[in-house]
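# Survey of secondary and tertiary structure
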Protein chains: 2
Amino acid sequence: MVNLELIKSIAKPSPTKIVLIVVDGLGGLPHPETGKTELETANTPNLDRLATKGICGLIDPVSPGITPGSAPGHLALFGYDPLTCNIGRGVLEATGINFDLQPGDVAARGNFCTVDKAGLVTDRRAGRISTEKCAELCQLLDKMEANEVKLFVCPVKEHRFVVVLRGDGLCADVTDSDPQQTGVAPKVVMALQPKADKLANIANQFIARAKTILAEQHPANMVLLRGFSKRPQIPSMGEIYKLKPAAIAGYPMYRGLAKSVGMKVLESGASIEEGFMTLKQNFASYDFFFLHIKGTDSAGEDGDFDRKVRVIEEFDRALSSLISIEPDVIVVTGDHSTPAVLKGHSWHPVPILLYSKWCRTDSASKFSESACACGGLGRFPTTDLMALAMANALKLNKFGA
Amino acid sequence: MVNLELIKSIAKPSPTKIVLIVVDGLGGLPHPETGKTELETANTPNLDRLATKGICGLIDPVSPGITPGSAPGHLALFGYDPLTCNIGRGVLEATGINFDLQPGDVAARGNFCTVDKAGLVTDRRAGRISTEKCAELCQLLDKMEANEVKLFVCPVKEHRFVVVLRGDGLCADVTDSDPQQTGVAPKVVMALQPKADKLANIANQFIARAKTILAEQHPANMVLLRGFSKRPQIPSMGEIYKLKPAAIAGYPMYRGLAKSVGMKVLESGASIEEGFMTLKQNFASYDFFFLHIKGTDSAGEDGDFDRKVRVIEEFDRALSSLISIEPDVIVVTGDHSTPAVLKGHSWHPVPILLYSKWCRTDSASKFSESACACGGLGRFPTTDLMALAMANALKLNKFGA
């Protein structure tokens, strides 16, 4: 397991530049007809050229056999132990919308939902109301106060909102009110330890008042809360790696993740090409870039093998603009595998390619799962990747005499 | 290192079936004349077919360079950290003969031995007396009581027996009386911490009384005790993996190991073929099978290269009956290596092959040490195997948001 204290003690600032490209859900499984994975099917001349000059391998986000969610998958890529640094859903959503969470604040993810006359949930997403409607309803609920605790209610997108509770002595160790199914009543929030009684009581008061206030707002006539959590005490990437890191990511959750570890989130157009343009424009101002490509994972989740192939090819074309500005280290990998044939995240180790002047290249001449399985990097925990990238950028001092 | 709390939190019951075949001491070293290992020498069409469709690799039971005994080797296969979950010799022997150990009981492995007039050990195994004689002598020693502690003395095989001490406040942290050599007197059992004084005293009383009782029973005129231990607090496989596991193993120790982790031990004929028949007959009733093949290890220990090859071939023939009933996951591996040229267990990593519909196959087309060294699974700790098998059987939920 990576030792952040060790890295912190040997990391040194330097002008070299690292680009970490996370192709979400990159790893795949063979198409039943061709025997080739999505990555093996795609025409990827730029990736193959990088693989030829670089070194390949396979990485395990958590450990062999474990299918990670996006948060643990990304935390591991940034070098944090995903088991001890898990970030709650509430915090991720709050950070993703730029809410300025204070230490001690508790955040929860909220859904506006529909309940029938008996109080049973009939739609967990209230028919996906518009983001404008969501903002309007949040205003009705915002700025409550109970037991000297302030509540902030902020819209996210469609039916999604965030509630933040601010006050002394809040412990986030409580259960969700979201039952994760329809046909049942929302659950009562319960404390999982005595210290959490205060938060559970206030959350239940909020839910009861929301029900009254929203009574006439069908279909959004109730709220569901989940993922109560505090901002974890994660040391920033600047602190550990002495880096000045920037993130380019379209989706709020990944922006939230990047912010949680101290990255500057850059504004960018939504397309892959625009992401690379943003990177080039900001190339002089930072020494570490996290570029997130979402389309591969979405296509995998939808079971759309061909679309995943096309997104990989689109990414490969855009990649040439990055290669031309010659970053010292380029890493291309994923936060987990999302094989289209499984229609979801999976446990399979993730292909990785690392290019630098000092990478000790292997015989791989194509970026693919099978080439990576024989690659010179072997198979290793994702949490070791940051140290490897730093080393290849000559940003780590020697350890010990 | 595998995290059992994590696995427990994401394991889900499902109808899919996993078969784990442990070919004891599977890994080998090249024959000096042919340059091929036992596994590479054997004709194994069924294993090679599985390797072609499956994925191969190498596993380390404890860590690189460490030669494991059978107990740590198997515990690692079942997903338990062999360093923290070590099971004492006494407990293994007691469990292997179906003694119903209670929490708090202390068990020790016993040998009937021969001492001369001066009390020095002349034969640690009393000329390997018959099992019948052993049972008869155990009856003479059984059911003693001292300081409100009851002692049970049960025969195992030949000169081997088990003594179990049952009473309040017994701590097993004591030394052996078995000096592990001849020409010296049996040792006095000594407490390694104050809490263990009670047990040490009772053990020494038992040994003294046994000496008196056995005085006229030459060659079995004394006892030697070792491996005082309690049943460890190991969570069962059912608890962790939500599995209903069954074991097919001929030798008492492996039956004991399987029972220690909550498997149902099935009765079976002794041959490899009968083992597979038992598996097929019980296929509907369990979702995890541990099938133990002992002959490979015995042949390796005897330095009999050719016999080890023959046992592997016999196993390969029997394997076809398993393939025909289509378990969702088949794993073939060993608990450690036992190269015939070393005549004993060794530290070499163990070949593993995993077959499932979702395994992401590699280029291996033969099951061998050299193919496994280039296999798609790479090299990983044996303790990660259960998570991998569970994942391939779609028995694990995603971790984290």
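Because the structure is a prediction, the values reported are computed rather than measured. (Residues numbered from 1 in each chain as written. Chains lettered and ligands numbered in written order. Predicted model: local features only at pLDDT ≥ 70, side-chain atom pairs only at ≥ 80, totals over all residues. Heavy atoms only, no water.)

This part covers the nonpolar core. The nonpolar side chains of a soluble globular protein tend to be buried with one another. In this structure, I21(B), Y80(B), F315(B) and F367(B) are the most contacted members of the largest nonpolar core, which totals 105 residues. No other element matches helix α12 (residues 305-323) of chain B, which puts eight residues into this core. Excluding residues within four positions of it along the chain, F315(B) makes contact with I21(B), V23(B), L47(B), I272(B), F276(B), I293(B) and V332(B). In this structure, I18(A), C85(A), V164(A) and A249(A) belong to the second largest nonpolar core, which totals 56 residues. (Core = buried A, V, L, I, M, F, W, Y, C linked by side-chain atoms within 4.5 Å. Buried < 20%, exposed > 50% of the residue type's maximum accessible area, 1.4 Å probe, protein only. Helix = DSSP H or I, 4+ residues; strand = E, 2+ residues; numbered from the N terminus. Contact = heavy atoms within 4.5 Å.)

To continue, consider the confidence of the model for chain A. In this model, chain A carries a mean pLDDT of 95, and residues with pLDDT of at least 70 account for 100%. As scored by the predictor, the complex reaches a pTM of 0.85 and an ipTM of 0.83. (pLDDT = per-residue confidence, 0-100.)

With that settled, consider the relation of the copies chain A and chain B. Turning one copy of the chain about an axis and sliding it along that axis gives the other copy, so a rotation and a shift relate them. Superposition of chain A onto chain B requires a rotation of 126° combined with a translation of 0.2 Å along the rotation axis, giving an RMSD of 0.3 Å. Put plainly, the chains are arranged around a three-fold axis. The residues that chain A uses at the interface reappear at the interface of chain B in only 3% of cases, marking distinct surfaces. (Least-squares fit on C-alpha atoms with pLDDT ≥ 70 in both.)

In this section: the environment of Q193(B). Residue and element names in this part refer to chain B. Turning to its location among the elements, Q193 is positioned in the loop between β7 (160-166) and α7 (197-213). Setting aside anything within four residues of it in sequence, one finds Q193 in contact with C171 and D173. Among the polar contacts made by the side chain of Q193, one reaches the side chain of D173 at a distance of 3.0 Å. (Polar contact = N/O pair within 3.5 Å; in protein donor to acceptor, adjacent residues only side chain to side chain.)

Glancing now at the sheet that holds strand β11 (residues 288-293) of chain B. Residue and element names in this part refer to chain B. Pairing is mixed across the open sheet formed by eight strands, whose spatial order is β10-β9-β11-β1-β12-β13-β2-β14. On the outer flanks of this sheet lie β10 (264-265) and β14 (378-381), each paired with one strand and no other. Looking at chain direction, strand β2 (residues 55-60) and strand β13 (residues 350-356) are connected through five bridges and run antiparallel. Across the sheet, I55 pairs through a bridge with L354, a residue of β13. Strands in contact with α12 are β1 (18-23), β11 and β12 (329-333); relative to β1, the strand with the most contacts, it is inclined by about 170°. (Pairing = 2+ DSSP bridges. Axes fitted to C-alpha atoms, helices over the stretch in contact; angles between N-to-C directions.)

This part takes up the interface of chain A and chain B. At the junction of the two partners, chain A supplies 31 residues and chain B supplies 23 residues. For the pair chain A and chain B, the summed buried surface comes to about 2100 Å²; carbon and sulfur atoms form 66% of the total. For the chain A face of the interface with chain B, the top three residues by lost area are P64(A), W347(A) and R379(A), together amounting to 27%. One can count zero salt bridges joining chain A with chain B. Taken together, chain A and chain B are joined by seven residue pairs in polar contact (both at pLDDT 80 or more). Residue assignment for the side of chain A that touches chain B shows that the elements contributing at least two residues are α4 (70-77) and α13 (369-373) of chain A. Counting residues per element, the side of chain A that touches chain B draws most heavily on α4(A), at three residues. Grouping the constituent residues of the side of chain A that touches chain B by class yields 17 nonpolar, eleven polar and three charged. (Buried area = accessible area lost by both parts, 1.4 Å probe. Salt bridge = Lys/Arg side-chain N within 4 Å of Asp/Glu carboxyl O. Nonpolar A, V, L, I, M, F, W, Y, C, P; charged D, E, K, R; others polar.)

Residues and elements named next belong to chain A. In this model helix α12 (residues 305-324) runs 30 Å from its N-terminal to its C-terminal C-alpha over 20 residues, within 8% of the 28 Å that 1.5 Å per residue would give. At A318, α12 is bent by approximately 30°, the largest bend along its length. When α12 is considered as a whole, its buried residues turn out to be F305, K308, V309, V311, I312, F315, D316, A318, L319 and L322. Once α12 ends, the next one or two residues include E326, with phi positive near 50°. (Expected span 1.5 Å × (residues − 1). Bend = angle between axes of the 7 residues up to and from the residue.)

Residues and elements named next belong to chain B. One can describe the packing of helix α10 (residues 272-281) onto α12 by two numbers: an axis separation of 9 Å at closest approach and a directional angle of 20°. Relative to α12, α10 is oriented roughly parallel. In the packing of α10 onto α12, the handedness of the crossing is right-handed. Judged by residue contacts, I272, E273, F276, L279 and K280 of α10 engage V311, E314, F315, A318, L319, S321 and L322 from α12. (Parallel < 35°, antiparallel > 145°, perpendicular 65-115°, else oblique. Left-handed = near helix turned anticlockwise from the far one by under 90°.)

Within helix α14 (residues 385-392) of chain B, eight of the eight residues are buried, which leaves it mostly tucked inside the rest of the structure. Taken together, the buried positions of α14(B) are L385(B), M386(B), A387(B), L388(B), A389(B), M390(B), A391(B) and N392(B).

To continue, consider the pairing of strand β7 (residues 160-166) of chain A. Residue and element names in this part refer to chain A. In terms of burial, β7 is largely enclosed, as five of its seven residues are buried. Where strand β3 (residues 106-115) lies against β7, six bridges are found, and the strand directions are antiparallel. Across the sheet, G110 pairs through a bridge with F161, a residue of β7. Looking at chain direction, strand β6 (residues 149-157) and β7 are connected through seven bridges and run antiparallel.

Right, let's talk about the packing of helix α5 (residues 89-96) of chain A against helix α9 (residues 252-260) of chain A for a bit. Residues and elements named next belong to chain A. It is at 7 Å that the axes of α5 and α9 come closest, and there the two elements cross at 95°. In terms of orientation, α5 and α9 fall into the roughly perpendicular class. Taken together, the residues of α9 that come into contact with α5 (itself represented by L92, T95 and G96) are P252, M253, G256, L257, K259 and S260. Broken down by class, the residue content of the contact of α5 with α9 amounts to four nonpolar, four polar and one charged.

Let's shift gears to the packing of aromatic side chains. Summed over all chains, the structure comprises 13 aromatic pairs over all chains. Arranged with centres 5.9 Å apart and planes meeting at 15°, the rings of F283(B) and F289(B) form a pair that is stacked. With relative accessibility at 14%, the residue F283(B) sits in the buried group. On the accessibility criterion, F289(B) (0% relative accessible area) is buried. Taken together, a centroid distance of 6.1 Å and an interplanar angle of 80° make the contact between Y286(B) and F289(B) edge-to-face. Cluster of aromatic residues (ring-pair linked, three or more members): F283(A), Y286(A) and F289(A). In this arrangement the basic side chain of R379(A) is found over the ring face of F380(B), its NZ or CZ atom lying 5.8 Å from the centre. Between the NZ or CZ atom of K17(B) and the centre of the ring of F283(B), over which it lies, the distance is 5.3 Å. (Phe/Tyr/Trp six-rings, centres within 6.5 Å; stacked < 30°, edge-to-face > 60°. Lys NZ or Arg CZ within 6 Å of the ring centre and 35° of its normal.)

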